[in-house]
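# Fold and contact review
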Amino acid sequence: MLRALVILFLLVSTAAAQARCEGRDLLPTLPEELRARIEARAAAAPFPEGNLWRAERGGEVVHLVGTFHIGDDRMGPIMRVVAPLIEAADLVLVEVTATEEAALHAAMVADPGLAFLTEPPSLREMLSEAEWALYAAEMEDRGVPSVVAAQFRPWLAFTTLTIPACLMHQGASLPAGLDDRVIAHATGSGVPVRALEGHEVLSAIFDTLTPEESLDILRATLMQAELSEDVFATLITAYFAGRHRLIWEFGRSWMPGPAAVLWPPERIDPLYDRLEEALLTRRNLGWLETILSASAEGPLLVAVGAAHLSGPDGLLDLLDRAGFALIRLD
């Protein structure tokens, strides 16, 4: 759920009705074999759990906070723990700040081709009749007219579908995400805040995916869209349990009903490997140099999406390999 989706919210009707999200956690409902496979895959990844860490190397100190970009009132207690760490830091690093978001918005306005298909074919032609009907209905539910949704680039389409309609309709009334809370507290405390990447990186995240891969990820995401409230409830439950790798492995392993036959592991695993490389690994490797340079100057707090913490080439794995001692704090 990229923060770049701030652009999408500009397209959604401000008159949309308020809606509560009432999804259920799907993990307890899964067949035992599937649940065991997801749990095993999560456990096998480096540093699969924990949303708050301290990394030390010599005199260098880095605190890492795994965030959830969409707000929830349960983030209040987390901030009470994180606030003193922010105040003790010389610098806070986050994925993007308002400056990068504004620059990304301006870039997309100047060049609509960054987010939209400006030449045929549109998604209306790329998808089958059944896929298009489902896609159009899901986008209409999210306040996006089908004529606009037809021109979405596949990456914008599949990232949009991961957000339940009930959240889209809440818009500005949603509680602040943990990233925004960290930024606000740092700003109020006089601690400088910098972005780990510029808007150019955000707009190019999915450029490494082929058109066929992007379209297949859209098709797979579409199969989960009708249960997006349940998927969201599953993910945020895992987040507050500190089980961030479980979020990723659930997403790549679960398909509802007949879709599981159409999307077996041998078909979906390569797609998720490519998605992980584009969305997480490449960015983590790019962020590491910035983190190491900043940590040499004084105490540092890094707040990024929790999915960036775990796995091979996750931030915790990279810092471990760079010689930092890691201590889980939550």
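Quantities reported herein were computed from a predicted structural model and do not represent experimental measurements.

### A few points about the pairing of strand β2 (residues 60-67)
- Most of β2 sits inside the fold, with 8 of its 8 residues counted as buried.
- The alternating pattern of β2 places E60, V62, L64 and G66 on one face and V61, H63, V65 and T67 on the opposite face, and all of these are buried.
- The antiparallel pairing of strand β1 (residues 52-57) with β2 creates a hairpin that spans 2 residues between the two strands, and G58 there sits at a positive phi of about 60 degrees.
- Direction of pairing for β2 relative to strand β5 (residues 300-305): parallel, over a ladder of 6 bridges. Across the sheet, L64 pairs through a bridge with V302, a residue of β5.

### Re the packing of helix α14 (residues 244-253) against helix α16 (residues 265-295)
- Here α14 crosses α16 at 140 degrees, and the two axes come no closer than 10 Å. Overall, the two elements α14 and α16 adopt an arrangement that is oblique. Taking contact as the criterion, the partners of R245, W248, G251 and R252 in α14 are, on α16, I268, D269, Y272, D273, L275, E276, L279 and L280.
- Per-class residue counts for the contact of α14 with α16 are 6 nonpolar, 1 polar and 5 charged.

### Remarks on the packing of aromatic side chains
- Inspection of the entire model under this criterion finds 10 aromatic pairs.
- On the basis of an interplanar angle of 50 degrees and a centroid distance of 5.6 Å, the ring pair of W132 and Y135 is categorised as tilted. Remark: Y135 and W132 occur in helix α6 (residues 129-141); sequence separation between them is 3 residues, near one turn of the helix. Note on accessibility: W132 and Y135 belong to one class, buried.
- Pairing F158 with F206 gives two aromatic rings, centres 5.3 Å apart and planes at 80 degrees, and the pair type is edge-to-face. Taken together, the residues F158 in helix α8 (residues 154-161) and F206 in the loop between α11 (199-203) and α12 (211-225) connect sequence positions 48 residues apart.
- R267 extends its terminal NZ or CZ atom over the ring of W263, reaching a point 3.6 Å from the ring centre.

### Let's talk about the pattern of salt bridges
- Here the structure, examined in full by the defined rule, presents 25 salt bridges.
- The salt bridge partner of D330 is R328, with a shortest N-O separation of 2.9 Å.
- Its relative accessible area of 37% is what places R328 among the partly exposed residues.
- Three or more residues are tied together by salt bridges with common partners; here these are R41, R245, E249, R252, D269, D273 and E276.

### Here we look at the nonpolar core
- If you look at the biggest cluster of nonpolar residues, it comprises 41 residues, and the most contacted ones within it are L123, Y135 and L218.
- Looking at this core, the elements with two or more residues in it are α4 (98-110), α6, α8, α12 and α16.
- If we ignore the near neighbours within four places in the chain, the residues touching L218 are L123, L127, Y135, P154, A157, F158 and L161.

### Some points on unusual backbone geometry
- The amide bond that connects P120 to the next residue, P121, takes the cis arrangement and shows omega of 0 degrees.
- With respect to the helices and strands, the residue P121 is situated in the loop between α4 and α5 (123-126).
- One non-glycine residue, D313, lies in positive phi territory at about 70 degrees.
- Relative to the elements of secondary structure, D313 occurs in the loop between β5 and α17 (315-321).

How each quantity is defined
- Residues numbered from 1 in each chain as written.
- Predicted model: local features only at pLDDT ≥ 70, side-chain atom pairs only at ≥ 80, totals over all residues.
- Heavy atoms only, no water.
- Buried < 20%, exposed > 50% of the residue type's maximum accessible area, 1.4 Å probe, protein only.
- Helix = DSSP H or I, 4+ residues; strand = E, 2+ residues; numbered from the N terminus.
- Pairing = 2+ DSSP bridges.
- Axes fitted to C-alpha atoms, helices over the stretch in contact; angles between N-to-C directions.
- Parallel < 35°, antiparallel > 145°, perpendicular 65-115°, else oblique.
- Contact = heavy atoms within 4.5 Å.
- Nonpolar A, V, L, I, M, F, W, Y, C, P; charged D, E, K, R; others polar.
- Phe/Tyr/Trp six-rings, centres within 6.5 Å; stacked < 30°, edge-to-face > 60°.
- Lys NZ or Arg CZ within 6 Å of the ring centre and 35° of its normal.
- Salt bridge = Lys/Arg side-chain N within 4 Å of Asp/Glu carboxyl O.
- Core = buried A, V, L, I, M, F, W, Y, C linked by side-chain atoms within 4.5 Å.

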